[in-house]
Amino acid sequence: MSRLRRGLLLATLLGTAGACASAGVGERAQEVALPKPDRALDLAQSGTGYLKVFDNGLKLFVVPDPNTRLVQLDVRQAVGTRDDPAGKSGMAHFVEHLMFQLPTAGAGSPKVMSELQRRSLGFNAYTSNDETHYMHTGTLDDLEAYFEYTALRLGYGCDVVSDEAFLREREVVRNEHRWRGEGVDIFVLDRVLELVFPEGHPYRRPVMGKDHELASITREDVCGFVGQHYNASQASVVVTGGVDPGAVLELAREHLERLPKRPAAARAKVGRPTLTGQKVQIKAPVKKPTAIILFEEPRRFSRDYAAALAARTTMFMAIGVYTGGPTSFVDNAYPASLGGKLSPLFGVGVESKRAGQLDAAVDEVMTAITRGFSPELKDKEYAAAYDPARQRVRLQVLSSIASVTSRADTFADYLEQPGAPGFHGAELAALDELTAVRAQEVGRYLFTRERAMIVEVIPDGSEDKPKAERASFDYTRGEEEALSLPDDIDPAEAHRPLPLDALGAMILATSEGKFESGLRVMLVRSSQIPVMEVQVIVGAGEVDARAQPMIATLAAGAYGLREGNRDAQTLMEYFNYAGGIYGWDVGALSTTFVSRGLSIYLDFIIAGVGERVVQAEYRTGAIEMWKQGRGEALRKTHGQQEAARINAFHTALYGPGHPHVREVIADRKALRSLSLADVERYRQTHYRASNTTVIVTGGFDIELAKAYIERFFGAPKLRDGRSTWLTPLADEARPTPPEPQPGAIRALTEIDKERVQTTVTIGFPLAEVYGPRHAALQVMAEMLDFEVGAVRHTMGASYGVYGRLDDDRPQVAVGGALDSARAGEGLAAIRAAIQRLRDGEDFDRRFAFARRNVLRALIDVQSDPKALADQLARAVRNGRSYRYFDELTRDVANLTPAAVQAEIARVLDERRSVTLVQGPAEGVAGAVTGAGLTQVQALPEVVHDEDD
């Protein structure tokens, strides 16, 4: 993917700066008598939402769900980057961060950030062009705390955040902006915004702001901004999950109703963009010409919004059908979104095969779009593209409310709908009423050259990447402020088991078993929302193809339907009509095929996945096409370097020849050894019912699912006489991997002049994760994650540093992107945090806190079909029972400090670790020197090819 393409795809995210947090509305809840409710709102026969508007203007919206113990409280504040004061870009985002630094009970008390770490299963926030949104996920016991934190934000006092915390968090935000926003991508996007929005337009501002403006923000600036925009009248609070609306209202009255009534600050008017069918050129330090075709889209909830969504999907289907091939000028076409809610833009990025063909490629794409909405297309032809598009929009609508953690954000959007909110019921009704003819008309009107702006990005001959303006470094660390554990952590808790009775999942129905063919099946009805997740897991992956790298990937992806087979074509037509989404992923020990769809099309979805996994055959030439594509990538120096770096790091970490190394092909000669016969042999050996597990979660009929899984997976009528699908697996059990044997290299460095931050990765190798030490490893990784967070929370040297347990290539991994000017200081702090664990400082309290967090993260994922399927599948993919996580939960609850201390001594041995440092020369040198790295091997400096 080109750098510009990545930037355009990030355009939506770049309006969403900050930290982020995630399950369905149950059956119609019994009417609850609220004390003087404003009104109860019917949510499309799937529940009842209760809306209360207080005298101070704050909106409270409650959606009870009897099918989960989770609770979600989100706060949508009507302030975004378009409200940043002149000369103070980044203000709204900085204020979002500061709200987590508020002391919970006066000076010296724990901050909201640290309290949320113990009072939630997850928390986050984001700032977009139009809003700032705070998210809290937890249990009913935590709900009052979330109301308290909301009241703190809306009653922000100018002097409550210490000077050190203020300056430190400003450094964190500056670091994030540099991480996200420096380079060609942002330079081009900023130029595009200047072209499409007139002078003074709120959406015309630089995507990530200017560093010197952010660095100039003072405490007084923040106080004035908060006073204008953090008022009760600008807040919407959405509560959903296992709650009683009456009790929620009482909490809101206690904590939020008393907030003062203040007028909302006037917000800058958002006008329309200026797209007039013109073509313009901008010059930038890109290596390959690229064009962006921009269209104005209808606002959400407007009359043509649903039709535009369906038409947009249909448009890309048309581009896929009518471009490409040996005579095509188009090398790539991809979507991009710009603007904001009040003036949305949709774009198509276009890359040509040769530099001089860009205009021809743009014409080819525009011709394809015109053909896609042509009235000359027959209804049947158009419906073939339109119906899947409409079903996928339906799936998108229902998926957004199928998870407790995403539902509140979705309902906050609905509350912004002009007039009486219609919620998802109104969107689904609009889709039901939408016809192919109407979507075609809207697409034909919106996506035309006359209503578009074509921006061509032309190389300016420069090889220097644009640098963001950066203020002089002005943060001096004061007295070290350690990350504090919650006050209520009793060290004695570490030596007694944690109770599990109140934490169990609320599953509606389950069924598990094995068919005669050996196929294992796990079915979990976990929601009333008609969305289902299907995962088909074949117990073979990269480890089973070590002699010929990439065979497992080819076996998963380089096959298709037999040409001329009408049965297969019909099944896939039904799958596409149902809006089915399909994908696959190859891991170390397994290959997973995933599909997500609407439960009313359960038969189509299961049949379609079965057709692809069980019945499909390799297409003639598919292997050679893949080899040709991979070979083209390896013609480029950058592609060769990337593969060589991965191989070097894992070889240093595990030792030469270890099963976890699984070398990536780094030269084209190795590709020639791959043949169609090899791929077929691998598939015939491993793709068998007895080596496969099918997992289905969500809101679906279990008995129907059983019947269709049996028909298409358990005992299918095989059309290929050579198929071994129903033949029992005869291979011996996969041996346990040997212990890693790291070599003499302790660090690898790679200079990349195009990087802004210095990225550090430290690996501590493991033979396996899913084994008798899993619980101890999980808690150790959680303790490590807390410790290394100091690099962000006490230094401001990084937007985020992590510690985690990796089960694909088993290891404990620590790392993050550091400010290159402070890379040595940052890496030294990471290494010091690891040493604190080895030294056992305040160990029992740290252990007790981490064990709580791990246990909470393991439970109650049932309300999100995808999250539940992923958890069940992780165990299966690692060769375990789908009941494995129940056992792991009990192991964590009964874990002792001594077990974790033993793993720290065994695993976190600096003599077995390998550190990878990547970044500009300044950052790499600073990291090596500042952290005192020894036994360092320098990799070749990164070469960026023409179309990187």
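Okay, the sheet that holds strand β14 (residues 520-525) next. What the 6 strands build is an open sheet, ordered β13-β14-β20-β15-β18-β17; its pairing is mixed. At either margin of the open sheet sits one strand with a lone partner, and together these are β13 (509-514) and β17 (581-586). With strand direction ignored, the average angle separating the axes of adjacent strands in the sheet is 10°. Alignment of β17 against strand β18 (residues 591-598), held across 6 bridges, turns out to be antiparallel. Bridged to Gly583 within β18 is Val594. Sheet strands in contact with helix α19 (residues 602-615) are β15 (531-538), β17 and β18, and its direction is about 155° off that of β18.

Structurally, the position occupied by Asn67 is in the loop between β3 (59-64) and β4 (70-77). According to the relative accessible area criterion, Asn67 is buried, its value standing at 11%. For the pair Asn67 and Ser527, spaced 460 residues apart in sequence, the C-alpha to C-alpha distance is 7.1 Å.

For the coordinates displayed, the defined rule picks out 45 salt bridges. Its salt-bridge partner being Asp409, residue Arg76 comes within 2.6 Å of it at the nearest N-O pair. In this pair, Arg76 is assigned in strand β4 and Asp409 in helix α14 (residues 404-415), connecting sequence segments 333 residues apart. By the burial criterion, Arg76 is buried, and Asp409 matches it. Between Arg566 and Glu573 there is a salt bridge, and its shortest N-O distance comes to 3.4 Å. Each member of the salt-bridge network shares a partner with another, and the members are Arg76, Glu131, Arg300, Lys341, Asp409, Asp413, Glu416 and Glu427.

Moving on to the side chain of Thr240. The topology assignment puts Thr240 in strand β7 (residues 235-241). A relative accessible area of 0% means that Thr240 is categorised as buried. There is a polar contact of 2.8 Å between the side chain of Thr240 and the backbone oxygen of Val63. Apart from residues lying up to four places away in sequence, Thr240 is in contact with Val63, Leu70, Val71, Gln72, Val404, Arg407 and Ala408.

Tallying each qualifying case throughout the model produces 23 aromatic pairs. When the centroid spacing of 6.1 Å and the interplanar angle of 75° are considered together, the rings of Phe593 and Tyr687 count as edge-to-face. Linking Phe593 in strand β18 with Tyr687 in the loop between α22 (676-686) and β20 (692-698), this pair joins segments that are 94 residues apart in sequence. Each member of the pair, Phe593 as well as Tyr687, is classed as buried. Between Tyr770 and Phe885, the aromatic rings sit 6.4 Å apart at their centres with planes inclined by 75°, giving edge-to-face as the arrangement. Here Tyr770 is found in the loop between β22 (758-765) and α24 (774-788), whereas its partner Phe885 is found in helix α29 (residues 884-893), with 115 residues between them in sequence. Each member of the pair, Tyr770 as well as Phe885, carries the same accessibility label: buried. Aromatic ring contacts, followed pair by pair, group Phe61, Phe301, Phe411, Tyr414 and Phe423 into a single cluster. Directly above the ring of Tyr134 sits Arg153, whose terminal nitrogen or CZ lies 4.3 Å from the centroid.

Time to look at the state of the cysteines. For the structure on display, the rule yields 1 disulfide. In this model Cys158 forms its disulfide with Cys223; the gap between the sulfur atoms is 2.1 Å. Of this pair, Cys158 sits in the loop between α5 (143-154) and α6 (163-181) while Cys223 sits in helix α9 (residues 219-229); the two residues are 65 residues apart in sequence, bridging distant segments of the chain. The class of Cys158 is partly exposed, set by a relative accessible area of 37%. Residue classification places Cys223 among the buried residues on the basis of a relative accessible area of 15%.

What follows covers helix α3 (residues 91-98). Since one α-helical turn is 3.6 residues long, residues separated by three or four positions face the same way. Counting buried residues in α3 gives 8 out of 8 residues, a clear majority hidden from the surface. Buried within α3 are the following residues: Met91, Ala92, His93, Phe94, Val95, Glu96, His97 and Leu98.

To continue, consider the confidence of the model for the protein. Chain-level statistics for the protein give a pLDDT mean of 84 and a share of 87% at 70 or above. Put simply, helix α2 (residues 11-14) is where the protein has its lowest mean pLDDT, 25, and helix α30 (residues 897-907) is where it has its highest, 97. With pLDDT under 50 throughout, residues 1-37 is counted as low confidence; its partners more than four residues away or in other chains account for 140 contacts.

Our next topic: the packing of helix α4 (residues 112-119) against α5. At a closest axis distance of 11 Å, the pairing of α4 and α5 adopts a crossing angle of 165°. By the angle class used here, α4 and α5 are roughly antiparallel. α4 and α5 meet at a crossing whose hand is left-handed. Contact residues: α4 offers Val112, Glu115, Leu116 and Arg119, while α5 offers Ala145, Tyr146, Tyr149 and Leu152.

Thresholds, definitions, all that
- Residues numbered from 1 in each chain as written.
- Predicted model: local features only at pLDDT ≥ 70, side-chain atom pairs only at ≥ 80, totals over all residues.
- Heavy atoms only, no water.
- Pairing = 2+ DSSP bridges.
- Helix = DSSP H or I, 4+ residues; strand = E, 2+ residues; numbered from the N terminus.
- Axes fitted to C-alpha atoms, helices over the stretch in contact; angles between N-to-C directions.
- Contact = heavy atoms within 4.5 Å.
- Buried < 20%, exposed > 50% of the residue type's maximum accessible area, 1.4 Å probe, protein only.
- Salt bridge = Lys/Arg side-chain N within 4 Å of Asp/Glu carboxyl O.
- Polar contact = N/O pair within 3.5 Å; in protein donor to acceptor, adjacent residues only side chain to side chain.
- Phe/Tyr/Trp six-rings, centres within 6.5 Å; stacked < 30°, edge-to-face > 60°.
- Lys NZ or Arg CZ within 6 Å of the ring centre and 35° of its normal.
- Disulfide = S-S within 2.5 Å.
- pLDDT = per-residue confidence, 0-100.
- Parallel < 35°, antiparallel > 145°, perpendicular 65-115°, else oblique.
- Left-handed = near helix turned anticlockwise from the far one by under 90°.

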